[in-house]
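# Architecture and fold: a report
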Amino acid sequence: MTSHHDSTRSIAARTVGLTKVYGRGDAEVRALDGVNVDIFAGEFTAVMGPSGSGKSTLVHCMAALDTPTSGTVYLGDTELAHLKDKALTELRRDRIGFVFQAYNLVPTLTAEENILLPLAIAGRKPDPDWYATVIDAVGLGDRLRHRPNEMSGGQQQRVACARALMSRPSIVFADEPTGNLDSTASAEILAFLKRSVRDFGQTVVMVTHDPVAASYTDRVIFLADGKVVDELRAPTSDRVLARMGALHPGPGTGVGHAALHTA
Amino acid sequence: MLRFTLRNVLARKIRLLLSAIAIVLGVGFLSGSLVFTDTMAKSFDNIIGGSMADAQVRLSGLGETSLGAAVNIDQRTLPASLVPTLASAPGVARADGSVYGQGMFVIKANGKLLGGTGAPTMALNYSDAPNASGEPMLSIAEGREPARTGEVALDRRSAENAGYEVGDTVRMVTAGDQPRVSATLVGYAEFVGGGLAGATMVIFDTRTAQELFLGGKDAYTSIELTAEDGASQRQLVDAVRPLLPDDAEAITGQQQADEFESIVDTVLGYLNTFLLVFAAIALVVGSFLIVNTFSILVAQRSRELAILRALGASRRQMTRSVLAEAVAVGLFGATAGLGLGFGLAAGLRAVFASFGLDLSATSLVFSTRTVVISYAVGVTVTMFAAYLPARRAARVAPVEAMRDGVSVPERSLRRRFVGGTVTAVVGGVLLTSGLMGEGGLGAAQIGLGMFAVLMAIAVMSPAVAVPFLAPLGALYARAFGTTGRLATQNSLRNPGRTAATASALMIGLALVTTISILASSVSASIDAGVDEQFTSDFLISNAIGQSFSPSIADDVRDVDGVGLVAPSQLASLKINGTQLNVDATDARALEQIFDITYTAGSAAVGDREIALTEDRASSLGVEVGDEVVLSFVSGDIPSKVTGIYESTYVVADAVIPFSTLTEAKVQRADTAIAVNAEPGVDKAALAEDLDAATADFPTVTVQNKEDFAAAQRGQVDQLLYLIYALLGLAIVIAALGIVNTLALSIVERTREIGVLRAVGLSRRQLRRMVRLEAIAISLLGAVLGIGAGVLFGVVLQRIVQDQGITDLAVPWESLATFVAVATAVGILAAVLPARRAARLNVLRAISTH
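Residues numbered from 1 in each chain as written. Chains lettered and ligands numbered in written order. Predicted model: local features only at pLDDT ≥ 70, side-chain atom pairs only at ≥ 80, totals over all residues.

### Side note on the overall build of chain B
When its secondary structure is counted, chain B shows 23 helices and 24 strands. Across its three principal axes, chain B shows a C-alpha extent of roughly 100 × 70 × 50 Å. Put simply, chain B has 849 residues, and 49% of those count as buried. Considering only residue pairs separated by 6 or more positions, chain B has 83% of its internal contacts joining residues 24 or more positions apart. (Helix = DSSP H or I, 4+ residues; strand = E, 2+ residues; numbered from the N terminus. Buried ≥ 20, exposed ≤ 12 C-beta atoms within 10 Å, placed from the backbone. Contact = placed C-beta atoms within 7 Å.)

So, in structure tokens, the structure goes:
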């Protein structure tokens, strides 16, 4: 794992002073409080932090699924704040891929139809070579005609990953993609995401609780109370655990594992 | 558990509200019908109660007239000398002679007919005779009573409707020898019973009434008796009976009221049944909506139900909980339905008033019976419809609470198939036996049979849904790409639900289609029959078969260019107790104009002769040469059967000469005049001349073949549109069902919709997806419904073939319209659910569990 310098990498997405406030008055919660983050193209970035730190909100705002209270989000050179629903929809369709914790496949469609759904919605034909590459990478060849309820959780999540990659988006966001999976299935998904960065030059941003998952990435951004508080390059699970422990003045060091097992 | 149930109802307000609307509409129609018919009954009770004296002396045989019989104007009278005789009988305080004139109409100031197709016109002599309560039946509210020829009083409402005020000259027509009557309006008469239900009251002085209606004889049509204090109605009748001539009878006021009430009850019974059939249809369709809503709600809650089961709730508690929800919905729906019904009854009253049946004098009757029936029906139907879903709720296993993607067990297709087949067989048997039988039970059986067949289709429809939706899906995918494919997949996801939603629409469309096929077959048969048999150049008649003065035929003969003229009079008589409507005519003249095909013998031209249709002759078991006894109220007249002819549109069940009517003391008054032009005469010009010759008589219209056929078809169409309007309610409820199903499945699929939006489905595409799903449902309903309707229509036409509906006509254009209507119903039903789906917040939708 090589170390990168900010100046040599192009920026895939960026937030400037990103703030998201839920509720009002006494019930006001500042989920994000002036977050400035750069996501570099061709990197696998993890976003970590304790529950309620704002990591999911950050990813939702960057993926055009949520609108910030103030501040701006840039996807490449596009500033999202100015876009209307139609343009945001197209942006999600063409330039963003998303992997959810709960897989979120369309139950009436087969695995193959689910993978091709964003392209079908856009009315575009898939590139057969790219399709073959992705299918091969997720290892789903014999399951393509199955419906989601006929597949295991790991298989469903691999379909969801393939769906996110199919339109060659400029950035893929994954919100706790291994949160519902056992360790074997988790390892498969993480390996696939890592491979998509290494082999296909894909940019991936992943929210996770799990230091082991974070160890697959190039860079970890730590959030606490809606602010970026730390950053780690070339992470290992021990180093991540140590940093997490520093954020948590709680009992002991097992935060990450506890989160993993209760998720 | 009760608190839990209430919480559920409140938490699902909107969804349950939608299913409650079905009950609201059904119960509304039901209670509206009941309130309206009760109001009508009350209105007539008031009239009857107000117009009966303690006892009446009248001509015998009048109590036996039946509904559907042509009206014979009785020429028999009671001599005026009988009045003082009766007045001096023991127990009689006073006796008053009445003259009741039939066949009179008032012509409005604008030359049009007053009333006409609505309530009757009653012409009476002025009298201050009291009713059984001692109040004078008639009084003069303003002006004075008519005292001499040339004076008349009208009830105020009729005078206002006709545009006359006191002092104006009122024009009238009668069916007698003096067809044109003019008189000065001298006062407004008031009837003690309150409103007249739209009837017109025309009051003359006694002498004038005798001149107009009794040929100038000093006589009466009936004599009203008032008892001295202490004498009962019964005693009164017994006292006068020995004094009466042979052809007169005495009856108590109570008997007379009972006779009238039984007629009113019969008519109102028909009306009530007619309206209640549609209320029942609405409720059946509504129960589909409720079954579906509860099924979906149970499915959506299955995890919650499983948790309750895991916590120790029994199956029975689960079932009861769902049924208790149904009761809450039913109570709410029935309450709102009663309110709606009250409004509907007011609306119906307004509609009937516009047809001339004015009930505004009676306030709407809201009886306890209406309230009880409405609640009973509302709650029972809801509970009945919720029973299956409730049973299914109880079958959720507690272990399901631990699993993801809980599903409530669905009924297997095989069981559906078996159940459906059994129901279909039962329906088929009922239909066949109903069609073989005769009378009211037959109609009820046919109705039940159709109902059973429709239920069978509904039960089996999920099996049809898949083969229907698959090709539609291919079409959708072709036309709309992924959106179309997604829409099809959604409708196929739960074929049972799609089919049940479509079934509600199916019922309405099946009935609409059946009716439209029957109506167009009737129209086609009329056209064919008229084309073949209507061989006269013109027919002069009254739109609703009212009789008119024979002097009109004389006026017509005088018109230049008129050739043959054959008047005829529709009359009623009985043979061996069977009621017959017959044409009295000059058969020689009539047969020069119309082709009547005799299968045996020839026309009845001489005195005491009769010719019959084949059907009548065979049902009576008579042949040419036999003697039959024609019974009139005035007595029996034996007649010889001279001929038997094929059924035809142009003459009734039998033909008799005019002389028979004269002998039976039935007043001559024509109901139709067939007219031919002389050879070479311009018929268009002659039509104008005939119009001019009959201009004084708005009671009659001059029609050529096309006009006649159009008028006949018009009557069919009127009934058809009325039935369409009433069945429209079922379609509206079915549309609500689609709204409900879509809205509920959108709630169910919230997360999926969020995902679709997240991966790039635009709001427009999403709305289109919902709309296409709705159209798929409604087209499925249309295909099933129109299919069933064509089947019913063809079968029913075959059955009634020998009752004059000879031609089968399938109105393809109407059927195409129904498909278009179904599509429109789908599009409209999708509006709100689609908007709701498009408005879902993507992020929140995705995080929904």
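### A look at the overall build of chain A
A count of helical and extended segments in chain A gives nine helices and 10 strands. The C-alpha radius of gyration computed for chain A amounts to 18 Å, which stays within 12% of the reference 18 Å derived for 263 residues, consistent with globular compactness. Principal axes of the C-alpha set define a box for chain A whose edges measure 50 × 40 × 40 Å. Relative to its full complement of 263 residues, chain A shows a buried share of 45%. Across chain A, every contact between residues at least 6 apart in sequence was considered, and the portion connecting residues at least 24 apart equals 70%. (Rg over C-alpha atoms; globule rule 2.2 N^0.38 Å.)

### Things to note about the interface of chain A and chain B
As a measure of interface size, the accessible area lost when the parts come together is often cited. At the interface, 24 residues of chain A touch 20 residues of chain B. Among the elements of the structure, helix 2 (85–95) and helix 3 (111–122) of chain A are those that each provide at least two residues to the side of chain A that touches chain B. With six residues, the top contributor of residues to the side of chain A that touches chain B is helix 2 of chain A. When grouped by side-chain class, the residues that make up the side of chain A that touches chain B number 11 nonpolar, six polar and seven charged. (Nonpolar A, V, L, I, M, F, W, Y, C, P; charged D, E, K, R; others polar.)

### Remarks on the sheet that holds strand 4 (residues 70–75) of chain A
All names here are of chain A. Taken in spatial order, the four strands of this open sheet run 2-1-4-5, and their pairing is antiparallel. Lying at the two open borders of the sheet, with one neighbouring strand each, are strand 2 (29–40) and strand 5 (78–79). Across the face of the sheet, helix 1 (residues 55–62) comes into contact with strand 1 (11–22), strand 2 and strand 4 while running at roughly 120° to strand 1. (Pairing = 2+ DSSP bridges. Axes fitted to C-alpha atoms, helices over the stretch in contact; angles between N-to-C directions.)

### Topic: helix 2 of chain A
Within helix 2 of chain A, the full set of buried residues consists of A:Thr89, A:Arg92 and A:Arg93. For helix 2 of chain A, the angular spread of buried residues about the axis comes to 95°, placing them on one side. The inward-facing, buried residues of helix 2 of chain A contact strand 6 (96–99) and helix 3 of chain A together with helix 20 (750–758) of chain B. (Arc of directions from axis to C-beta.)

### Examining the environment of B:Gly115
Along the chain, B:Gly115 turns up in the loop between strand 5 (105–107) and strand 6 (121–125). Not counting chain neighbours up to four residues away, the residues in contact with B:Gly115 comprise B:Phe105, B:Thr121, B:Thr200 and B:Gly356.

### What about the sheet that holds strand 14 (residues 248–252) of chain B?
Residue and element names in this part refer to chain B. Read across the open sheet, the four strands follow the order 3-13-1-14; overall the sheet is antiparallel. The strands lining the two open edges of the sheet, one partner per strand, are strand 3 (92–98) and strand 14. The sheet shows a mean angle of 20° between the axes of neighbouring strands, taken without regard to direction. Note: strand 3 against strand 13 (residues 222–227), six bridges, orientation antiparallel. Bridge pairing in strand 13 places Arg94 opposite Thr226. Lying on the sheet, helix 6 (residues 233–240) is in contact with strand 1 (55–59), strand 3, strand 13 and strand 14; it crosses strand 14 at an angle near 165°. Lying on the sheet, helix 7 (residues 253–300) is in contact with strand 1 and strand 14; it crosses strand 14 at an angle near 90°.

### Considerations on the environment of B:Leu505
All names here are of chain B. Within the element layout of this structure, Leu505 appears in helix 13 (residues 495–533). Between the alpha carbons of Leu505 and Asp560 there is a distance of 59 Å; along the sequence they are 55 residues apart. Not counting the four nearest positions on each side in its chain, Leu505 is found in contact with Ile731, Ala734, Ser778, Gly781, Ala782, Gly785, Ala822 and Val825.

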